[in-house]
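Listed below, chain by chain, are the residues.
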Amino acid sequence: MAFHTFHLVRKLSAICLLVFSGVTSELCSSSWLLHTGPHLLCMPGRFPCFLCSSHHSSPAAFLGVQSSEFTELSHREADAQRSHHWARTGERDSHAGLPTPQISERRDPYPNRMQMPQGNPLLLSYTLQELLARDTVQVELIPEKKGLFLKHVEYEVSSQRFQSSVYRRYNDFVVFHEMLLHRFPYRMVPALPPKRVLGADREFIESRRRALRRFINLVARHPPFSEDVALRLFLSFSGPDVQNKLKESTQCVGDEFMNCKLAPRAKDFLPADIQTQFAVSRELIRNIYNSFYKLRDRAERIASRAIDNAADLLVFGKELSALGSDTTPLPSWAALNSSTWGSLKQALKGLSVEFALLADKAAQQGKQEENDVVEKLNLFLDLLQSYKDLCERHEKGVLHKHQRALHKYSLMKRQMMSAAVQSREPDSVEQLESRIVEQENAIQTMELRSYFSLYCLHQEMQLVHVYLPLTSHILGAFVNSQIQGHKEMSKVWNDLKPKLNCLFAGPNSSLTLPRSPQDGVSPH
């Protein structure tokens, strides 16, 4: 029994060395751990248990090993390894007798990791103007379609930040979107517009172009995304195959959890009531989304009515012009009023110009509200939807994997207990014990990822609040559009009014306008 316990301790020591040296705490260098590792499991401190949500005095206590027994066994193992090394090489261990390195002496085994920001990294200090100033990307449709047999739509993507202009297809956006999800699974990655299977009409292509422009601007202004190499490649690489270039850039790079230096310590920065805050924030975003969705629908209807009004005014003016251009001769019984009808036709013919100008002003107002009001509302809705999608990924991704790992761990523990009762072969029991330790490490990693996911959710919620002042920009654009549109159309209506005098016949052939709407068509 002591023999199996001794070998179990050796395996647990090796695994915990791996965990403490590279994955979680990064307390010291790997070379130092190789010589001091047998003592590491007895290191005092607060060791979080991811199974019972408590803290143990040491890693050995977490694993259920008595510190005194483990210390004795680990010293024996360490002495045996040193004696074997001296006998084989004839050299004494170069680390023997050296003092334990201090924190300041420990080098970083992962120099490529993102550096930890100063202060509290959980809090963001950006303003809306700072985010908007990061970049402005234009996405314009290229008129001609390329391709010998299969025609496709191509876009010209221009970035102010990189001073670049490149050509991209929809599939390029799809690959770029996949790379973002791979690199930043715990961040708000906006969704792409759907790809239409059958032939795409002009309205669908324009709607998708607008959606792609919103997507790339949200990405280009997102703090972590804006510093990633994938964004730079997508906006500035003008080579023949941008998709392979994007895949190569992330081929040997892990996700943000693997590259962020503070990821293992994310729990330390989270508030104690993070779960409650997460639930409240999610409900708040859901309510804001529903309200802005209704506002967007009403704004679309208002802009659509302005465009429909423009079309109606244009048709109205054309009909008046057609009426004035009628060459049908008057019958003999109406010849008495021929001069009146001729004057009316002449006046009606000239009114089409004013009504065309009214139609143009109304169309301009509708287009301006589409660009400045509806598009900004859609941009904010895309941001809110990306936060909702992130919440779902957190629950169905990290938490679900964590629960599955715990379930698998409990099954292994039951199998081990059953094997112990049935007195199976020592090798079989040892393999099962090794699998249990591996599963414990997987659970610990899932726990760390879960806290890092909450850390990112907290930051992304702050980013949503940074965008909230966009509401005032939207309302200001809507009010200005209404004022400017009504002002310009009012001027055209006032210019049109004197030209209507010839349409109204008064006494002695004098023509005057009605005094008020209540008068109707009065001779005075």
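Everything in this summary refers to the structure shown in the same document.

Reading the values: the criteria
Counting from 1, residues in each chain are numbered in the order their sequence is written. Totals for whole chains, interfaces and linings use all residues, but because this is a predicted model, local features are given only for residues with pLDDT of at least 70 and pairs of side-chain atoms are given and counted only at 80 or more. To obtain the side-chain values, all non-hydrogen atoms of the structure were used and water was disregarded. Throughout, nonpolar core names a set of buried Ala, Val, Leu, Ile, Met, Phe, Trp, Tyr and Cys residues whose side chains join them through atoms within 4.5 Å. Here the term buried applies to any residue with accessible area under 20% of the maximum for its type, exposed to any over 50%, and partly exposed to those in between, with areas from a 1.4 Å probe on protein chains only. A run of H or I in DSSP counts as a helix once it spans at least four residues, and a run of E counts as a strand once it spans at least two, with each numbered from the N terminus. Contacts: residue pairs with any heavy atoms within 4.5 Å of one another. Any two cysteine sulfur atoms lying within 2.5 Å of each other are counted as a disulfide. The working definition used for a salt bridge is a side-chain nitrogen of Lys or Arg within 4 Å of a carboxyl oxygen of Asp or Glu. Pairing between two strands requires that DSSP report at least two bridges joining them.

### Description of the nonpolar core
Side chains of nonpolar character tend, in soluble globular proteins, to be buried together.
Part 1: Residues F380, Y387, F452 and Y455 are the most contacted members of the largest nonpolar core, which totals 46 residues.
Part 2: Among the elements of the structure, α5 (128-132), α12 (266-269), α13 (274-324), α14 (338-422), α15 (426-467) and α16 (470-496) are those that each provide at least two residues to this core.
Part 3: Here the element with the most residues in this core is α15; it accounts for twelve residues.
Part 4: Apart from residues no more than four positions distant in its own chain, F452 is found in contact with Y186, E256, F257, C260, L262, A263 and A266.

### Let's talk about the state of the cysteines
Part 1: Evaluation of the coordinates by the stated rule reveals zero disulfides.
Part 2: In this structure C260 is not part of a disulfide, and its nearest cysteine sulfur, from C456, lies 7.3 Å away.
Part 3: A residue is classified by how much of its surface remains accessible, and C260, at 9% relative accessible area, is buried.

### Details of the pattern of salt bridges
Part 1: Overall, the coordinates contain 19 salt bridges when judged by the stated rule.
Part 2: E395 is the partner of R282 in a salt bridge, and the nearest nitrogen-oxygen pair spans 2.6 Å. Of this pair, R282 sits in helix α13 while E395 sits in helix α14, placing them 113 residues apart in sequence.
Part 3: Between K361 and E488 there is a salt bridge, and its shortest N-O distance comes to 3.7 Å. One end of the pair, K361, is in helix α14; the other, E488, is in helix α16, and 127 residues separate them in sequence.

### Side note on the pairing of strand β4 (residues 154-159)
Part 1: Where strand β3 (residues 137-141) meets β4, five bridges bridge the pair, whose relative direction is antiparallel. Note on β4: the bridge partner recorded for L141 is Y155.
Part 2: In the sheet, β4 pairs with strand β5 (residues 164-169) via six bridges, with the strands oriented antiparallel. Residue pairing in the sheet places S158 in a bridge with S165 of β5.

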